[in-house]
Structure formats: C-alpha cells, structure tokens
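Take a look at the letters that make up each chain.
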Amino acid sequence: MSVAWGILIPLAVGSSRLRDLFAPGMWFKIHQSLNMTAIICTIVGFAIAVYAINDQTYDGEEPNHFSGTAHKTVGLVIFLLTVLQ
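The model shown is predicted, which means the values in this text are computed figures rather than measured ones.

1. Description of a nonpolar patch on the surface
Among the surface-exposed residues, M1, W5, V74 and I78 lie close enough to one another that they form a single nonpolar patch of about 360 Å² accessible area. Structurally, the position occupied by I78 is in helix α3 (residues 70-84). A relative accessible area of 39% means that I78 is categorised as partly exposed.

Given below as structure tokens:
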C-alpha cells in the first residue's frame, strides 16, 4: 500500500501534470501504467490485510474485518473507490 499510494499514485499525477514534457500520447501511457500498477498493488495489499486479520482471529471468533478502528473503514472505502474507478 505504501508503494501504491506513496510512490505510484504521486508519479501518475505528476505525469499528468507534466504532460507537456512528454511526447504526444506518451504521458497518458505512463499515467495509465502507473495507475494500473497502483491498483494491482492496492488489491494485493487489501488481500494481505484480510488474510492477516483472519490469521490473527481465534477459531470460532468473528474476524471483524471492517469494524473496530477508523483505519479499517477508511481502507475499505478507499479500496472500493479505487476498484470502482
């Protein structure tokens, strides 16, 4: 998630903002590639987070994936908006 949202997304935004420095159409290919890689990283990170919560939950207990902290709720909302976009 840190790579996706701390590196790839800012680079994608930067490629869009600096599109005049690239050959025609090249900025969009870079922008799209960075965004797609960030989405893949987000999906993988989300899957790892769900697996980790399941792994930390005792047998017979409900895992409570998206309750208990604001971080879990915000993470779910960002994940859903990312995939939707």
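Next comes the rest of the write-up.
2. What about the side chain of S15?
Position of S15 among the secondary structure elements: in helix α1 (residues 2-17). Within the local environment of S15, its side chain forms a polar contact with the backbone oxygen of A12, the two atoms lying 2.8 Å apart. Filtering out sequence-adjacent residues up to four positions away, S15 remains in contact with F22, W27, I30 and H31.

3. Here we look at the nonpolar core
When a protein is soluble and globular, its nonpolar side chains tend to lie buried together. Listed in full, the five residues of the largest apolar core are A4, L8, A12, L34 and A38. Those elements giving two or more residues to this core turn out to be α1 and α2 (26-56).

4. Concerning the environment of A47
By secondary structure assignment, the location of A47 is in helix α2. Between the C-alpha atom of A47 and that of A70, which follows or precedes it by 23 residues, the distance is 18 Å.

5. With respect to the packing of aromatic side chains
For the coordinates displayed, the defined rule picks out two aromatic pairs. Ring centres of W27 and F28 lie 5.7 Å apart, and the angle between their planes is 80°; this geometry places the pair in the edge-to-face category. Centroid distance F46 to F79: 3.8 Å. Interplanar angle 5°. Geometry classified as stacked. Placement of the pair is F46 in helix α2 and F79 in helix α3, with a sequence separation of 33 residues.

6. As for the side chain of T82
Here T82 shows up in helix α3. You can call T82 buried: its relative accessible area is 10%. Ignoring anything within four residues of it in the chain, the contact list for T82 reads W5, I39 and T42.

7. Here we look at α1
Residues lying three or four places apart along an α-helix face the same way, a consequence of the helix completing one turn every 3.6 residues. The end-to-end C-alpha distance of α1 is 22 Å, a good match for the 22 Å that 16 residues give at a rise of 1.5 Å each. Its axis deflected by about 30° at L8, α1 carries its strongest bend there, up to four residues before the proline P10. Buried residues in α1 make contact with α2.

8. Considering the packing of α1 against α2
Running from amino to carboxyl end, α1 crosses α2 at an angle of 160°, the nearest separation of the two axes being 8 Å. Judged on the interaxial angle alone, α2 and α1 are roughly antiparallel. The crossing of α1 and α2 is left-handed. Between α1 and α2, the contacting residues are A4, W5, L8, I9, L11, A12, V13, S15 and S16 on the first element and W27, I30, H31, L34, N35, T37, A38, C41 and T42 on the second. Along the lines of polarity and charge, the residues of the contact of α1 with α2 split into twelve nonpolar, six polar and no charged.

Rules used in this analysis
- Within each chain, residue numbers correspond to sequence positions counted from 1 in written order.
- Where totals are concerned, whole chains, interfaces and linings use all residues; where local detail is concerned, this predicted model gives features only for residues with pLDDT of at least 70, and gives and counts side-chain atom pairs only at 80 or more.
- As a rule here, side-chain values come from all non-hydrogen atoms in the structure, and water together with hydrogens is ignored.
- To count toward a patch, a residue needs a relative accessible area over 30% and no salt bridge; like charges are then connected within 9 Å, while nonpolar side chains (Val, Leu, Ile, Met, Phe, Trp, Tyr) are connected within 5 Å.
- Each accessible area is a Shrake-Rupley result for a 1.4 Å probe, and residues are judged covered by the shown protein chains and nothing else.
- The working definition used for a salt bridge is a side-chain nitrogen of Lys or Arg within 4 Å of a carboxyl oxygen of Asp or Glu.
- The helix and strand labels rest on DSSP assignments: H or I over at least four residues marks a helix, E over at least two residues marks a strand, and numbering proceeds from the N terminus.
- Only protein chains enter the calculation, and the probe is 1.4 Å; a residue is then buried if its accessible area is under 20% of its type maximum, exposed if over 50%, and partly exposed in between.
- The definition of a polar contact used here is a pair of N or O atoms within 3.5 Å, where within protein one atom must be able to donate a hydrogen and the other to accept one, and adjacent residues in sequence count solely through side-chain atom pairs.
- It only takes one pair of heavy atoms within 4.5 Å for two residues to be counted as in contact.
- Put simply, buried Ala, Val, Leu, Ile, Met, Phe, Trp, Tyr and Cys residues joined by side-chain atoms within 4.5 Å make one nonpolar core.
- Aromatic pairing here means that ring centres of Phe, Tyr or Trp (its six-membered ring) are within 6.5 Å. Orientation follows from the plane angle: under 30 degrees is stacked, over 60 is edge-to-face, and everything else is tilted.
- For a helix, the expected span equals 1.5 Å multiplied by the residue count minus one.
- Bend is computed residue by residue as the angle between axes fitted to the seven residues ending at the residue and the seven residues starting at it.
- Axis definition: a line fitted to C-alpha atoms, limited for helices to the stretch in contact. Angles are taken between N-to-C directions and run from 0 to 180 degrees.
- Orientation labels follow simple angle bins: below 35 degrees gives roughly parallel, above 145 gives roughly antiparallel, 65 to 115 gives roughly perpendicular, and whatever is left gives oblique.
- Rotating anticlockwise by less than a right angle from the far helix to the near helix defines a left-handed crossing, while the corresponding clockwise rotation defines a right-handed one.
- Note on residue classes: Ala, Val, Leu, Ile, Met, Phe, Trp, Tyr, Cys and Pro are nonpolar, Asp, Glu, Lys and Arg are charged, and everything else, Gly too, is polar.

Keep in mind that these numbers describe shape and distance, not what the molecule does.
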